[in-house]
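So you can see what is in the structure, the chains are spelled out below.
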Amino acid sequence: TQLLEQSPQFLSIQEGENLTVYCNSSSVFSSLQWYRQEPGEGPVLLVTVVTGGEVKKLKRLTFQFGDARKDSSLHITAAQPGDTGLYLCAGEGTSYDKVIFGPGTSLSVIP
Amino acid sequence: KAGVTQTPRYLIKTRGQQVTLSCSPISGHRSVSWYQQTPGQGLQFLFEYFSETQRNKGNFPGRFSGRQFSNSRSEMNVSTLELGDSALYLCASSAGTSGDNEQFFGPGTRLTVL
């Protein structure tokens, strides 16, 4: 069974601080996605990483896919209150089109 | 382009009842996936429909079923509701083809079972 773990589970930081959240698995994923979900809304896709070692940047967000395609990290520089939300990683596994989600990291950025 | 819509947004039912939730995908998308989100279990995959056929299924009991219509709209049904079925039910639509399977989520239906 493929599982994704995320850490930390909760994170509360001051505006302007940097942070990193992690997504780990013992399984290999063909691709990995990061989503942000705000209260009362569905998750919104931020990025998809496909190649081991890949680094993608989206403004102040930097995503990295591990060399072995088993883990990923999301780094936010100079966090802002608008970054508050639940960050979910999701892996596209080896079974056809099945997507597995991690439990999420709940981020709160305090002004 | 209109996004994914789900109806109703909120629903309260009692144990033993059944419920039907509806999802309208983005125009042109042929794949609809359903997920259950709870604080304890996170987001769990229920099933995916593509061109009116169930293409993939998660590990949920048979009380959870779905279908997709020719216009790609999908419904999910839960029979004999249990307290543990209280959750946010999300649907996601995508083109569903290899190389174009980015999922777009709806706002969800919040189901409370009393």
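Now for a look at the structure at hand. (Residues numbered from 1 in each chain as written. Chains lettered and ligands numbered in written order. Predicted model: local features only at pLDDT ≥ 70, side-chain atom pairs only at ≥ 80, totals over all residues. Heavy atoms only, no water.)

## Thoughts on the interface of chain B and chain A
When the parts of a complex come together, some accessible area is lost, and that lost area is often taken as the interface size.
Then comes step 1: The interface is formed by 19 residues belonging to chain B together with 15 residues belonging to chain A.
Then comes step 2: Taken together, the two surfaces of chain B and chain A that pack against each other cover about 1,400 Å², and 49% of this comes from carbon and sulfur.
Then comes step 3: Counting every contact that joins chain B to chain A gives 0 salt bridges.
Then comes step 4: At the junction of chain B and chain A, the tally comes to 3 residue pairs in polar contact (both at pLDDT 80 or more).
Then comes step 5: When residues of the side of chain B that touches chain A are traced back to their parent elements, those giving at least two are β4 (31-38), β5 (42-50), β6 (53-57) and β9 (87-94) of chain B.
Then comes step 6: Considering only residue class, the side of chain B that touches chain A consists of 7 nonpolar, 7 polar and 5 charged. (Contact = heavy atoms within 4.5 Å. Buried area = accessible area lost by both parts, 1.4 Å probe. Salt bridge = Lys/Arg side-chain N within 4 Å of Asp/Glu carboxyl O. Polar contact = N/O pair within 3.5 Å; in protein donor to acceptor, adjacent residues only side chain to side chain. Helix = DSSP H or I, 4+ residues; strand = E, 2+ residues; numbered from the N terminus. Nonpolar A, V, L, I, M, F, W, Y, C, P; charged D, E, K, R; others polar.)

## Observations regarding the pattern of salt bridges
Residues and elements named next belong to chain B.
Then comes step 1: Taken as a whole, this structure holds 8 salt bridges over all chains when the rule is applied.
Then comes step 2: Note that E48 and R55 form a salt bridge whose closest N and O atoms lie 2.6 Å from each other.
Then comes step 3: E48 sits in the buried class, given a relative accessible area of 4%.
Then comes step 4: R63 is paired through a salt bridge with E82; the nearest N and O atoms lie 3.6 Å apart. One end of the pair, R63, is in the loop between β6 and β7 (64-68); the other, E82, is in the loop between β8 (74-78) and β9, with 19 residues separating them in the sequence.
Then comes step 5: By relative accessible area, E82 is classed as partly exposed at 42%.
Then comes step 6: What you see here is one network of salt bridges that share partners, running through R63, E82 and D85. (Buried < 20%, exposed > 50% of the residue type's maximum accessible area, 1.4 Å probe, protein only.)

## Considering the nonpolar core
Then comes step 1: Membership of the largest hydrophobic core comes to 22 residues, with the highest contact counts inside it found for L19(A), L32(A), W34(A), F63(A), L74(A), I76(A) and L107(A).
Then comes step 2: If you look at the next biggest cluster of nonpolar residues, it comprises 21 residues, including L21(B), C23(B), W34(B) and A87(B). (Core = buried A, V, L, I, M, F, W, Y, C linked by side-chain atoms within 4.5 Å.)

## Considerations on the environment of L88(B)
Then comes step 1: Locating L88(B) in the fold gives a position in strand β9.
Then comes step 2: A sequence separation of 52 residues divides L88(B) from Q36(B), and the C-alpha atoms of the two residues are 6.0 Å apart.
Then comes step 3: Discounting residues that sit within four places of it in the chain, L88(B) has contacts with Q37(A), Y35(B), Q36(B), Q37(B), P107(B), G108(B), T109(B) and R110(B).

## So, the packing of aromatic side chains
Then comes step 1: Counting across every chain of the model gives 9 aromatic pairs over all chains.
Then comes step 2: Judged by centre distance (5.4 Å) and plane angle (85°), the rings of F101(A) and Y35(B) are edge-to-face. Of this pair, F101(A) sits in strand β10 (residues 99-101) while Y35(B) is found in strand β4, placing the two residues in two different chains.
Then comes step 3: The class for F101(A) is buried, based on a relative accessible area of 8%.
Then comes step 4: Clustering of aromatic rings is evident, with ring pairs tying together Y35(A), F101(A), Y35(B), F45(B) and F105(B).
Then comes step 5: The aromatic ring of F50(B) is capped on one face by R55(B), whose charged end is 4.3 Å from the ring centroid. (Phe/Tyr/Trp six-rings, centres within 6.5 Å; stacked < 30°, edge-to-face > 60°. Lys NZ or Arg CZ within 6 Å of the ring centre and 35° of its normal.)

## What about the side chain of S25(A)?
Residue and element names in this part refer to chain A.
Then comes step 1: One can find S25 in the loop between β3 (19-24) and β4 (31-37).
Then comes step 2: According to the relative accessible area criterion, S25 is buried, its value standing at 15%.
Then comes step 3: A polar contact of 2.7 Å, which involves the side chain of S25, links it to the backbone oxygen of L3.
Then comes step 4: A polar contact is formed between the side chain of S25 and the backbone nitrogen of S27, at a distance of 2.9 Å.
Then comes step 5: Residue contacts for S25: discarding those within four places in its chain leaves L3, L4 and K70.

## Quick look at the state of the cysteines
A covalent bond bridging the sulfur atoms of two cysteines is what the word disulfide describes.
Then comes step 1: Tallied over the entire structure, the rule returns 2 disulfides over all chains.
Then comes step 2: For C23(A), the disulfide goes to C89(A), at an S-S distance of 2.0 Å. Residues C23(A) and C89(A) are joined through a disulfide that is right-handed, its torsion about the S-S bond being 75°. One end of the pair, C23(A), is in strand β3; the other, C89(A), is in strand β9 (residues 85-92), with 66 residues separating them in the sequence.
Then comes step 3: For C23(A), a relative accessible area of 0% gives the class buried.
Then comes step 4: Look at C89(A) and you get buried, because its relative accessible area is 0%.
Then comes step 5: The partner cysteine of C23(B) in its disulfide is C91(B), sulfur to sulfur 1.9 Å. Between C23(B) and C91(B) the disulfide shows an S-S torsion of about 65°. By sign, it is right-handed. Separated by 68 residues along the polypeptide, C23(B) in strand β3 (residues 19-24) and C91(B) in strand β9 bring together distant segments of the chain. (Disulfide = S-S within 2.5 Å.)

Distances and angles like these do not, on their own, reveal function.
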